[in-house]
Amino acid sequence: MSHYLGIDLGTTNSAVAALDADGRVEVVPNTVTGHPTTPSIVYFQEQTDVAVGDIARNAAVAEPENVISLVKRSMGEAVSYPIHGIEHTPESISALILRHLYEDARSTLGRDDNGVVITVPAYFGMRETQATVEAGTLAGLNVLATIPEPIAAALHYGRTPGSGEGTLLVFDLGGGTFDTSILRIGADAIDTVVIDGDRRLGGADWDRRIADWLIDEFCARTGCDETDLDAGFRQQLLQQTEAAKVQLSQVSTTRVPIRFGAHAAAIELTREKYEELTRDLLDRTIAIVRRTLGTAAGKGIDQADVADVLLVGGATLMPAVTRRLRAEFGWEGKRVDPHLAVVKGAALYAASLRTAQGGEPVLSLPTVRKVLPRSFGVRLDRETSSRREDLYIEYIAHANDPLPITDRRLVTYTKIADVSEQAFHLFEQNADVPSPVVALNREITPDDGFVFTGLPSLPQGSPMTIVVNVDEDGLAHVEAYEDTTGQRLQTQVQLGVLQQDQLAELEQAVAQVELLH
Ligand SMILES: Nc1ncnc2c1ncn2[C@@H]1O[C@H](COP(=O)(O)OP(=O)(O)OP(=O)(O)O)[C@@H](O)[C@H]1O
Ligand SMILES: [Mg+2]
């Protein structure tokens, strides 16, 4: 019998777990270092010679221009990484990480698999989730589904002794993203009540803050000129900073030896100083927890109902996190496998999907019910006025609506007579609260990414109905009908930022790469 695979595609570290026929979940260590996780770093030795993981991390100091890290932060954005003559994107770089992880795990497991589940931050919107699925496809993987990281962690937590039913808050601070989730854990189901977060807040921000301070101190002491410091030096300093940060979770003071050319100094960093320099970052997590509790209160769940707090992600190992949660909310957070809970949960989810699809049950798991992370809607035009507020968002579904969402309808009208084609734009909430104003939302279909064709000849102002379904993974599927005849219109929807031809090009670029294992 073959495996069910879960892949945690992390901002800084990734991992693979497999569930075997006996229902055991094992993390598959990487074959380079034997560690359970692999750095999410990609090194292009040549256009088609690529290393992922520790080798890439080591290359970052000598050849920073050929190394890409923290790519998950840019997932779903229209950015490109020109490298050895190829325009890579966050999707193609992630595809290389996924391919590496998959091939490496297969070399250990040596058997077929039933497809993979890839994790995404709970607060990823539609575009980032779509980009993650596209990364999996570019890597040639059979992506069964994505799963929000906190839910994956809760699935694993639910199988550990001592965990019970009730309301669980997951505080997930990883290398690049911060997620909060309130989940209702029952015997048969895990229901998501609220998700919130900040996709640009994680351990890497703590590292940058400290590295900036170390540079200031270093130059003040040695008289070096900050503008002379090169990218390789900064990479090395970031790696040293991260190591110092990890040490400070255990000890109260450490020294960071720094050398640049003829300048050298060993700079002392105390935990107290470290916490002072990064306090505002931790404040941001606390503010989001409060906002999460506020949303939950609107759904009838109070802070007193939170029975357990699960700490997930490597950055929750900072002592300041537990201390602050205790001081602000009186919580004693629980840590269950903070580095690996997510990947183990993803493998469990892969198995439970098979069971739900009528496959042979491998083990009994609760049904997972997810919610939509962000409100989204269609941009409509109130009238042909040039005032921006007349372009507004008509919401189709709201943040924290349970998934799947079926058959949401919206009636709109043709703007001019006899058009055969009409384009619409899907927009997603981009600020803390949904806004009807276009500028506070971001487009999730690129220009002409959502087009209806084949309209019959109609007078101006003829009604059309847009029907939207959102699947379990939070991705929209749209169709449209012309109301007078009821005729279904041909629809093309493109959710991700990559155009079809770009996808085909990248697929080829990824396939041509020789991965150094
Ligand atoms: N003992 C520790 N003390 C403080 N920070 C730590 C410790 N161990 C790991 N970290 C930090 O945790 C972060 C990595 O955590 P993790 O592996 O959970 O994140 P990730 O999965 O890569 O990111 P994300 O989930 O945000 O995509 C890094 O910033 C790392 O420096
Ligand atoms: Mg993670």
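The structure presented is a predicted model; accordingly, all values stated were derived computationally and were not measured.

Draft legend 1. Representation of the packing of helix α2 (residues 90-109) against helix α3 (residues 126-138). Running from N to C, α2 and α3 point in directions that differ by 55 degrees, and their axes come no closer than 8 Å. When the axis of α2 is compared with that of α3, the two are oblique. Considering how the two elements wind past one another, α2 and α3 form a crossing that is right-handed. Residues E91, S92, S94, A95 and L98 of α2 touch α3, and the partners they reach there are A131, E134, A135, G136 and L138. Grouping the amino acids of the contact of α2 with α3 by side-chain chemistry returns five nonpolar, three polar and two charged.

Draft legend 2. Highlighting the nonpolar core. Core analysis: the largest hydrophobic core is formed by 48 residues, its most contacted members being F171, F218 and W331. Considering every element that reaches this core, the biggest residue donor is helix α5 (residues 203-222), with eight residues. The contacts of F171, once residues within four sequence positions are left out, are F178, D179, T285, V289, L310, L311, V312, T316, V321 and L325. Counting 38 residues, the second largest nonpolar core, distinct from the first, contains L5, V28, I97 and L506.

Draft legend 3. Expanded view of a negative patch on the surface. A surface patch of negative charge is lined by D212, D216, D225, E226 and D228. Mapped onto the fold, D225 is located in the loop between α5 and α6 (231-248).

Draft legend 4. Inspection of the site of ligand 1 at higher detail. Near ligand 1 you find 22 residues, and of these T11, T12, K72, E242 and S249 are the closest. Contacts to ligand 1 include T177, whose backbone N or O atom sits 2.8 Å from an oxygen atom. Here an oxygen atom of ligand 1 and a backbone polar atom of G314 are 2.8 Å apart. The pocket occupied by ligand 1, as judged from atoms lying within 2 Å of grid points, is the largest pocket. Contributing elements (two or more residues each) for the shell around ligand 1: α5 and α6. Each of two domains, domain 1 (1-162 + 337-369 + 497-517) and domain 2 (203-279), supplies a minimum of three residues to the shell around ligand 1.

Draft legend 5. Spotlight on α2. Between its first and last C-alpha, α2 extends 28 Å over 20 residues, near the 28 Å set by a 1.5 Å rise per residue. Burial runs high along α2: 15 of the 20 residues are buried. One or two residues past the end of α2 sits G110, with phi positive at roughly 60 degrees.

Draft legend 6. Here's a closer look at the sheet that holds strand β20 (residues 376-381). Strand order across the open sheet formed by four strands is β21-β20-β24-β25, with antiparallel pairing between neighbours. At either margin of the open sheet sits one strand with a lone partner, and together these are β21 (391-397) and β25 (441-443). Each strand axis lies, on average, 40 degrees off the axis of its neighbour in the sheet, ignoring direction. As paired elements, β20 and β21 share six bridges and run antiparallel to each other. From the neighbouring strand, V378 faces β21, where its bridge partner is E394. Contacts between α3 and the sheet are confined to β20, β24 (426-429) and β25, with β25 contributing the most and set at about 35 degrees to the helix.

Draft legend 7. Looking closely at the packing of aromatic side chains. Scanning the entire structure with this criterion turns up five aromatic pairs. Centroid distance F171 to F178: 4.9 Å. Interplanar angle 65 degrees. Geometry classified as edge-to-face. A relative accessible area of 0% places F178 in the buried class. The ring of Y123 carries R374 above its face, with NZ or CZ at 4.3 Å from the centroid.

Draft legend 8. Broad picture of the pattern of salt bridges. Summed over all chains, the structure comprises 28 salt bridges. Between D196 and R291 there is a salt bridge whose closest N-O contact spans 2.6 Å. Highlighted residues: D196 in strand β14 (residues 189-198) and R291 in helix α8 (residues 279-297), separated in sequence by 95 residues. Through salt bridges that share partners, E77, E128, R199, R200, E428 and R442 make up one connected network.

Draft legend 9. Spatial organisation of empty space enclosed by the protein. Scanning the entire structure with this criterion turns up four cavities of 30 Å³ or more. Its volume calculated, the largest cavity comes out at about 140 Å³. As for the largest cavity, its lining consists of 19 residues, and the residues nearest its centre are F124, T129, P373, D473 and G474. Only α3 and β11 (143-148) provide two or more residues apiece to the lining of the largest cavity. When grouped by side-chain class, the residues that make up the lining of the largest cavity number 11 nonpolar, four polar and four charged. Built from parts of two domains, the lining of the largest cavity gets at least three residues from each of domain 1 (1-162 + 337-369 + 497-517) and domain 3 (376-485).

So, how was this worked out
Residues numbered from 1 in each chain as written. Chains lettered and ligands numbered in written order. Predicted model: local features only at pLDDT ≥ 70, side-chain atom pairs only at ≥ 80, totals over all residues. Heavy atoms only, no water. Axes fitted to C-alpha atoms, helices over the stretch in contact; angles between N-to-C directions. Helix = DSSP H or I, 4+ residues; strand = E, 2+ residues; numbered from the N terminus. Parallel < 35°, antiparallel > 145°, perpendicular 65-115°, else oblique. Left-handed = near helix turned anticlockwise from the far one by under 90°. Contact = heavy atoms within 4.5 Å. Nonpolar A, V, L, I, M, F, W, Y, C, P; charged D, E, K, R; others polar. Core = buried A, V, L, I, M, F, W, Y, C linked by side-chain atoms within 4.5 Å. Buried < 20%, exposed > 50% of the residue type's maximum accessible area, 1.4 Å probe, protein only. Patch = residues over 30% accessible without salt bridge, like charges linked within 9 Å, V, L, I, M, F, W, Y side chains within 5 Å. Areas by Shrake-Rupley, 256 points an atom, 1.4 Å probe, with all protein chains shown as cover. Salt bridge = Lys/Arg side-chain N within 4 Å of Asp/Glu carboxyl O. Lys, Arg positive; Asp, Glu negative; His and termini not counted. Charge placed at Lys NZ, Arg CZ, Asp CG, Glu CD. Near = heavy atom within 4 Å. Polar contact = N/O pair within 3.5 Å; in protein donor to acceptor, adjacent residues only side chain to side chain. 1 Å grid on protein atoms, 1.4 Å probe; cavity = no way out; pocket = protein on both sides within 12 Å on 5 of 7 lines; lining within 4 Å. Sits in = over half its atoms within 2 Å of the grid points. Domains from an automatic or database assignment. Expected span 1.5 Å × (residues − 1). Pairing = 2+ DSSP bridges. Phe/Tyr/Trp six-rings, centres within 6.5 Å; stacked < 30°, edge-to-face > 60°. Lys NZ or Arg CZ within 6 Å of the ring centre and 35° of its normal. Points joined across faces, edges and corners; volume = space filled by probe spheres on them.

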